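# Descriptive structure summary
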Amino acid sequence: MNIQSIRESERNSHIELYSNEELYKEGSWLNKPIKTVTDLFPLFEECEKFRALDLGCGVGRNSIAIAKQFQGIPCRVDCVDILELAIEKLMENAKRFGVEECIHGIVSPIEEFEIVPETYDLILAVSALEHVDSKESLVKKLEEIRNGIRQNGVVCLVVNSEVTERNKETGEELFPQFEVNLPTEELQDILHRFFVGWEVLKSTVRAQKYDIPREGCISKLSTIVVTFVARKRG
Ligand SMILES: C[S@@+](CC[C@H](N)C(=O)[O-])C[C@H]1O[C@@H](n2cnc3c(N)ncnc32)[C@H](O)[C@@H]1O
């Protein structure tokens, strides 16, 4: 399966998800920011200003919570997503939650968004880096992420690996709609190699299964989720 058809399928799947789910609504997968992100907030208590980058931000599940947390100080969250609808809904949500002055929505593939060196206190990518167009792009982006973080800043990555998909009804095996689907161990090796010398705050792997809408069916998706959080120390 080529990149175009994976992207088309991912696009349709996210349009369906974002059209039917409301941010921070009980019962939705968007009901709250992920704990790995909110657990980081105390690390930045002393900051006088705060700048974050959310790659593959979606409708703002994590970035709106970040903006709310740091709203009292000069704060800017750059939010990048390939899908126009995601950024449209992100900006609506920013308004709804009173943080529109902090949220900067950017429609762009992660691969094409250039990260300016030494700019961010926090860079996060939650279920997003596996959607860059190749392993080479992933490696290049990790290099940019590493350079984009300021001293004492934090990188927070949640990446799916070893993904398999099956048609829920028929059990038929489906091609996983993930542009980069690495073996878990290889992904972990890459992450640890890139951030060598940084203080690793969290490094976990967790098997997960969930249902996801795909072209004309529901897919039962199995994944090993790799979470990696590290802080740049002098
Ligand atoms: C599973 S969602 C996660 C959204 C958000 N990070 C969260 O945790 O709620 C993945 C998001 O990545 C976006 N995406 C997929 N491929 C992308 C790419 N190459 N560049 C930028 N965004 C991408 C999708 O449009 C979608 O909004």
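This section reports on the structure supplied with the text. (Residues numbered from 1 in each chain as written. Predicted model: local features only at pLDDT ≥ 70, side-chain atom pairs only at ≥ 80, totals over all residues. Heavy atoms only, no water.)

### So, the site of the ligand
Close contacts around the ligand come from 19 residues, with Tyr18, Gly56, Arg61, Asp81 and Ile110 the closest. Residue Asn62 places a side-chain N or O atom 3.3 Å away from an oxygen atom belonging to the ligand. The backbone of Val126 places a nitrogen or oxygen atom 2.9 Å from a nitrogen atom of the ligand. When the ligand sits alone it has 600 Å² of accessible area, and the protein chains cover 94% of it. Looking at which element gives the most residues to the shell around the ligand, the answer is helix H1 (residues 3-20), with three residues. When grouped by side-chain class, the residues that make up the shell around the ligand number eight nonpolar, seven polar and four charged. (Near = heavy atom within 4 Å. Polar contact = N/O pair within 3.5 Å; in protein donor to acceptor, adjacent residues only side chain to side chain. Areas by Shrake-Rupley, 256 points an atom, 1.4 Å probe, with all protein chains shown as cover. Helix = DSSP H or I, 4+ residues; strand = E, 2+ residues; numbered from the N terminus. Nonpolar A, V, L, I, M, F, W, Y, C, P; charged D, E, K, R; others polar.)

### Quick notes on the pattern of salt bridges
Scanning the entire structure with this criterion turns up 18 salt bridges. Ionic pairing is found between Arg7 and Glu179, a salt bridge with its closest N-O pair at 3.0 Å. Placement of the pair is Arg7 in helix H1 and Glu179 in the loop between strand E6 (173-174) and helix H6 (184-194), with a sequence separation of 172 residues. Salt-bridge contacts for Lys135 lead to Glu186; the nearest nitrogen and oxygen are separated by 2.5 Å. (Salt bridge = Lys/Arg side-chain N within 4 Å of Asp/Glu carboxyl O.)

### So, helix H5 (residues 135-148)
An ideal rise of 1.5 Å per residue puts 20 Å on 14 residues; H5 measures up with 20 Å between its terminal C-alpha atoms. Burial in H5 covers these residues: Ser137, Leu138, Lys141, Leu142, Glu144, Ile145 and Gly148. Looking straight down H5, one finds that the buried residues subtend no more than 165° of arc, so they occupy a single side. Of the surrounding secondary structure, the elements contacted by the buried residues of H5 are strand E1 (50-55), strand E4 (120-126), strand E5 (149-167) and H6. (Expected span 1.5 Å × (residues − 1). Buried < 20%, exposed > 50% of the residue type's maximum accessible area, 1.4 Å probe, protein only. Arc of directions from axis to C-beta. Contact = heavy atoms within 4.5 Å.)

### Section: the packing of H1 against helix H4 (residues 84-96)
Relative to each other, H1 and H4 sit at 25°, their axes nearing to 9 Å. The orientation of H1 relative to H4 falls into the category roughly parallel. You can see that H1 and H4 cross each other, and the crossing is left-handed. Of H4, the residues touching H1 (which contributes Arg11, Ile15, Tyr18 and Ser19) are Glu84, Leu85, Ala86 and Lys89. Class assignment of the residues belonging to the contact of H1 with H4 gives a composition of four nonpolar, one polar and three charged. (Axes fitted to C-alpha atoms, helices over the stretch in contact; angles between N-to-C directions. Parallel < 35°, antiparallel > 145°, perpendicular 65-115°, else oblique. Left-handed = near helix turned anticlockwise from the far one by under 90°.)

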